[in-house]
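Reading the structure
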Amino acid sequence: MNKFFIVTTVIFCILLSGCGMFTPAQKPEVGPTGKPVESKANPPFLERFYTPPGELYDLEATSGVIFEGINKEKWDQAETGFNNLQTIWINSKPLIGEKKGVKEADKALQELNIAIAGKKTTNSYESLNKFMGSIGDIAKSYKLSPLAGLIGVGNAIRNVNFYVEDKNWSKAASKVKELEGVWGNVKPTMEQVGILAEVTRTHSLVKQMKDAVAAENKGAIEEHTANLNESLGYIRNFFRGK
């Protein structure tokens, strides 16, 4: 048999079998313990650079009202805040579509409702942070917005304050260290002309809060928290709608 014919045939077979290298692997229908994780397609490229609806920023603002009610056991305030949160969420859903995090947010909101109605402090706090974490996942699809970072910082501050209120200082120290790390990661995304002073102030306040937790100084922590509420509120309002 002609050597050229043999070589040509071998090359043709290799190329034919290699075509699969250029096509994406089909997602398996089942794994060792059942169905794989449900995944959503990435949004169209241009959609990733859209501005998040202002309602998502409003959810972050309302979460602070609810947390204060939970942490101070002001249940009327927590319930009123929840009702506002629920309304904002209902209005925002048509604007965001079926992004990753929507189903998880719906579930966490139901859990939050039950926990607040039952005046369950820990369950309410955990459900609130779970809900806002899901909103953070939704916000990640808006690549040019720092909203996901703002939500992460908000959750981290609530974590610190929850354990400070309980005077669980070892846990608070662990959470303030997490806060420092979260803030360090998101700070560069917020350093823009027009809000840089508040970003710098927030950075200083996070450091001061860490020192206050180490000193177990609840009064100083409350003062730093109030100042963080102000600075982060300015930052949130600056980026809302941008």
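Details of the structure are given in the entry above.
Keep in mind it's a predicted model, so treat the numbers as computed, not measured. For every chain, the first residue of its written sequence is number 1, and the numbers climb from 1 along that sequence. Whole-chain, interface and lining totals are the exception, using all residues; otherwise, since this is a predicted model, local features are given only for residues with pLDDT of at least 70 and side-chain atom pairs are given and counted only at 80 or more. For the side-chain quantities, the full set of heavy atoms in the structure was used; hydrogens and water were omitted.

What to know about the overall build of the protein chain
- Numbering goes from the N terminus for both helices and strands, where a helix is a DSSP run of H or I of at least four residues and a strand is a run of E of at least two. When helices and strands are tallied, the protein chain shows nine helices and zero strands.
- Start at the N end of the protein chain and walk to the C end: the helices and strands fall as α-α-α-α-α-α-α-α-α.
- Think of it in three bands: with a 1.4 Å probe and only protein chains considered, a residue is buried below 20% of the maximum accessible area for its type, exposed above 50%, and partly exposed in between. The 242 residues of the protein chain split such that 39% are buried.
- Contacts spanning at least 24 positions in sequence make up 69% of the contacts within the protein chain whose residues lie at least 6 apart.
- Accessible surface is estimated by sampling points in the Shrake-Rupley manner with a 1.4 Å probe; for residues, cover comes only from the protein chains shown. With an accessible surface of roughly 14,100 Å², the protein chain has 56% of that area assigned to carbon and sulfur atoms. Should any heavy atoms of two residues lie within 4.5 Å, those residues are counted as being in contact.

A word on the nonpolar core
- Counting 57 residues, the largest nonpolar core has Trp89, Phe131, Ile135, Leu179 and Val213 as the members making the most contacts within it.
- Every element with two or more residues in this core is listed here: helix H2 (54–71), helix H3 (75–96), helix H4 (102–117), helix H5 (121–139), helix H6 (147–165), helix H7 (169–190), helix H8 (196–214) and helix H9 (218–239).
- Among the elements that make up this core, the one with the highest residue count is H6 (10 residues).
- The contacts of phenylalanine 131, once residues within four sequence positions are left out, are Leu59, Leu85, Trp89, Ala105, Ala108 and Leu109. Here, nonpolar core means buried Ala, Val, Leu, Ile, Met, Phe, Trp, Tyr and Cys residues that are tied together by side-chain atoms lying within 4.5 Å of each other.

Considerations on H4
- Here a helix's expected span is defined as the number of its residues, less one, multiplied by 1.5 Å. For H4, which comprises 16 residues, the first-to-last C-alpha distance of 23 Å matches the rise-based estimate of 22 Å (1.5 Å per residue) to within 8%.
- Where the residues of H4 are buried, they touch H2, H3 and H5.

Section: the packing of H2 against H5
- Between H2 and H5, the shortest axis-to-axis distance is 10 Å and the interhelical angle comes to 170°. The pairing of H2 with H5 is recorded here as roughly antiparallel in orientation. For the pair H2 and H5, the contacting residues are Leu56, Leu59, Glu60, Ser63, Ile66, Phe67 and Ile70 in the first and Thr121, Ser124, Tyr125, Leu128, Phe131, Met132, Ile135 and Ile138 in the second.
- Tallied by class, the residues present in the contact of H2 with H5 amount to 11 nonpolar, three polar and one charged. A fitted line through C-alpha atoms serves as each axis, taken over the contacting stretch for helices, and the angle formed by two N-to-C directions is quoted from 0 to 180°. Oblique is the label for any angle not under 35 degrees, not over 145, and not in the 65 to 115 range, which are roughly parallel, roughly antiparallel and roughly perpendicular in turn. Lys, Arg, Asp and Glu make up the charged group, whereas Ala, Val, Leu, Ile, Met, Phe, Trp, Tyr, Cys and Pro make up the nonpolar group; the residues left over, Gly among them, are polar.

Regarding the packing of aromatic side chains
- Each aromatic pair joins two rings of Phe, Tyr and Trp (for Trp, the six-membered one) with centres within 6.5 Å, and gets the label stacked for planes under 30 degrees apart, edge-to-face for over 60, and tilted for any other angle. Using the criterion set out here, one finds six aromatic pairs in the structure.
- Feature note: the residues Phe67, Tyr125, Phe162 and Tyr163 constitute an aromatic cluster, connected by ring pairs.

What about the side chain of arginine 236?
- Structurally, arginine 236 is set in helix H9.
- In this count, Lys and Arg are taken as positive residues and Asp and Glu as negative ones, while His and the chain termini are left out. Criterion for a salt bridge: a side-chain nitrogen of Lys or Arg within 4 Å of a carboxyl oxygen of Asp or Glu. The side chain of arginine 236 sits in the buried core without any salt bridge; glutamate 60 is the nearest counter-charge, 5.3 Å away.
- Not counting residues within four places of it along the chain, the set of residues in contact with arginine 236 comprises Tyr57, Glu60, Ala61 and Leu150.

Remarks on the pattern of salt bridges
- Scanning the model with the defined rule gives 14 salt bridges in all.
- Two residues, lysine 140 and aspartate 137, come together in a salt bridge whose shortest N-O distance is 3.4 Å.
- As a salt-bridge pair, glutamate 191 and lysine 187 come within 2.5 Å of each other at their nearest N and O atoms.
- Ionic contacts of the salt-bridge type, sharing partners, join the residues Lys72, Glu165, Lys218 and Glu222 into one network.

Observations regarding the packing of H2 against H3
- Orientation of H2 relative to H3, taken along the N-to-C sense of each, is 165°, at an axis distance of 8 Å. Considered as vectors, H2 and H3 are oriented roughly antiparallel to each other. Relative to H3, the crossing made by H2 is left-handed. Between H2, through Glu55, Leu56, Asp58, Leu59, Thr62, Ser63, Val65, Ile66, Glu68, Gly69 and Ile70, and H3, the contact on the second element is made entirely by Trp75, Gln77, Ala78, Gly81, Phe82, Asn84, Leu85, Ile88, Trp89, Ser92, Leu95 and Ile96. Crossing handedness is read from the near helix: turned anticlockwise from the far helix by less than a right angle, it gives a left-handed crossing, and turned clockwise, a right-handed one.

Notes on the environment of asparagine 161
- One can find asparagine 161 in helix H6.
- Asparagine 161 sits 94 residues away from phenylalanine 67 along the chain, and the two C-alpha atoms are 9.7 Å apart.
- Residues within four places of asparagine 161 in sequence aside, it is in contact with Phe67, Asn71, Met209, Ile221 and Thr225.

Section: unusual backbone geometry
- Residue glutamate 73 is not a glycine yet carries a positive backbone phi of 55°.
- In this structure glutamate 73 comes out as exposed when scored by relative accessible area, which is 52%.
- Look at lysine 119: it is not a glycine, yet its phi comes out positive at around 55°.
- Residue position: lysine 119 is located in the loop between H4 and H5.

Considerations on the environment of glutamate 222
- Tracing the chain through its elements places glutamate 222 in helix H9.
- Spatially, the C-alpha atom of glutamate 222 lies 8.2 Å from that of asparagine 161, the residues being 61 residues apart in sequence.

By themselves, these observations are geometric and do not establish any function.
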